[in-house]
Amino acid sequence: MSTNQEIKIHILHCGFAKVDEALAYRAGGLNPLAFTGLLRSPKHRISLPLTCYLIQHPKGLILVDTGWDPLVRSSPGKALGLMQSMLSKVQLPEGKAAIEQLSRLGYQPADIDYLVLTHLHADHVSGLKTLSGAKKILVSDIELKAAKRNPIVYTSSMWSDINLETFSFQPAETGPENLAFDLFKDGSVQLVSTPGHTAGLTSLILRSGDQFILLCADVAYSERSWKEQVLPGLTTSRKKAKRSLEWIAHLSKDPACRGIYASHDGSIAEQLITL
Ligand SMILES: [Zn+2]
């Protein structure tokens, strides 16, 4: 197990979504649909980034998630499904689409060895068509199965024509379910099963030397989520979502933990991290 390889992680905000705050931080109260913004005052609306990660790893170039398709600028209705149009107002400044950010960094989609999808919600896969030239596009088998079964929450047109490759979580020493997929079989990139927000939600642990970084996708929306144990508004299993959040809280106290990054945390700046 050699994990002494330098890993560079570009944190990229690939657009924004204006959503009800209860989508990120589950609201108490009497409105069970608060997260949709229905019957809620606009004062509850917050703008959240859609973060993608470009990971330069000695064994391959990895992109995590896609953010919005540039098409949302001209035809948001066509580019997004009904659910997504209802949940969020879309913003994609010029130059901020994942494909545009890649090109700025000197890459084409065909340079991506692995495009890892944390889950198949629209805000994570909207840009897939522009990145379909990636060598491998990976999603957990559990997530793809769940997405095929739920056409209301998932917008299948975003991925149905794409050559998705599924991976299966294996028994592992890490993760809330002790299930993970070790991408390079050396412990340096672990795709960890962290269900609750969706059934097949995948977080990534990136490890180099004696340190690691956790990209926790939508398990949490910011540090507040794991410090105060606030579940996301949208969950397929509250019990699993809670277990996944507890696991993050536990990891956050590990001295080897260099940082935990959620996919929609506006307090995190775009930056390059060297691990
Ligand atoms: Zn999301």
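Since we're looking at a predicted model, the values are computed, not measured.

Participant: Any chance you could explain the overall build of the chain here in plain terms?
Facilitator: Broken down by element type, the chain carries eight helices and 14 strands. Relative to a compact globule of 275 residues, whose C-alpha radius of gyration would be 19 Å, the chain shows 17 Å and is just as compact. On the principal axes, the C-alpha backbone points of the chain span a range of 55 × 40 × 35 Å. The 275 residues of the chain split such that 49% are buried. Long-range pairs, those at least 24 residues apart, make up 67% of the contacts in the chain with a sequence separation of at least 6.

Participant: Can you walk me through helix 8 (residues 238-252) in this structure?
Facilitator: Count 3.6 residues to each turn of an α-helix, and residues three or four apart come out pointing the same way. An ideal rise of 1.5 Å per residue puts 21 Å on 15 residues; helix 8 measures up with 21 Å between its terminal C-alpha atoms. Taken as a whole, helix 8 has its buried residues at Lys240, Ala241, Ser244, Leu245, Trp247, Ile248 and Leu251. Buried residues in helix 8, looked at end-on, bunch into an arc of 155°, giving them a common side. Pointing more than 90 degrees away from the buried face of helix 8 are the exposed residues Arg238, Lys239 and His250.

Participant: Would you explain the pairing of strand 12 (residues 211-217) in this entry?
Facilitator: With respect to burial, strand 12 is a largely interior element, six of its seven residues being buried. Pairing of strand 11 (residues 202-208) with strand 12, which is carried by five bridges, proceeds in the antiparallel orientation. In the sheet register, Arg207 faces strand 12, and the bridge partner there is Phe212. Here strand 11 hands over to strand 12 after two residues, with Gly209 in that stretch at a positive phi of 55°.

How each quantity is defined
Residues numbered from 1 in each chain as written. Predicted model: local features only at pLDDT ≥ 70, side-chain atom pairs only at ≥ 80, totals over all residues. Helix = DSSP H or I, 4+ residues; strand = E, 2+ residues; numbered from the N terminus. Rg over C-alpha atoms; globule rule 2.2 N^0.38 Å. Buried ≥ 20, exposed ≤ 12 C-beta atoms within 10 Å, placed from the backbone. Contact = placed C-beta atoms within 7 Å. Expected span 1.5 Å × (residues − 1). Arc of directions from axis to C-beta. Pairing = 2+ DSSP bridges.

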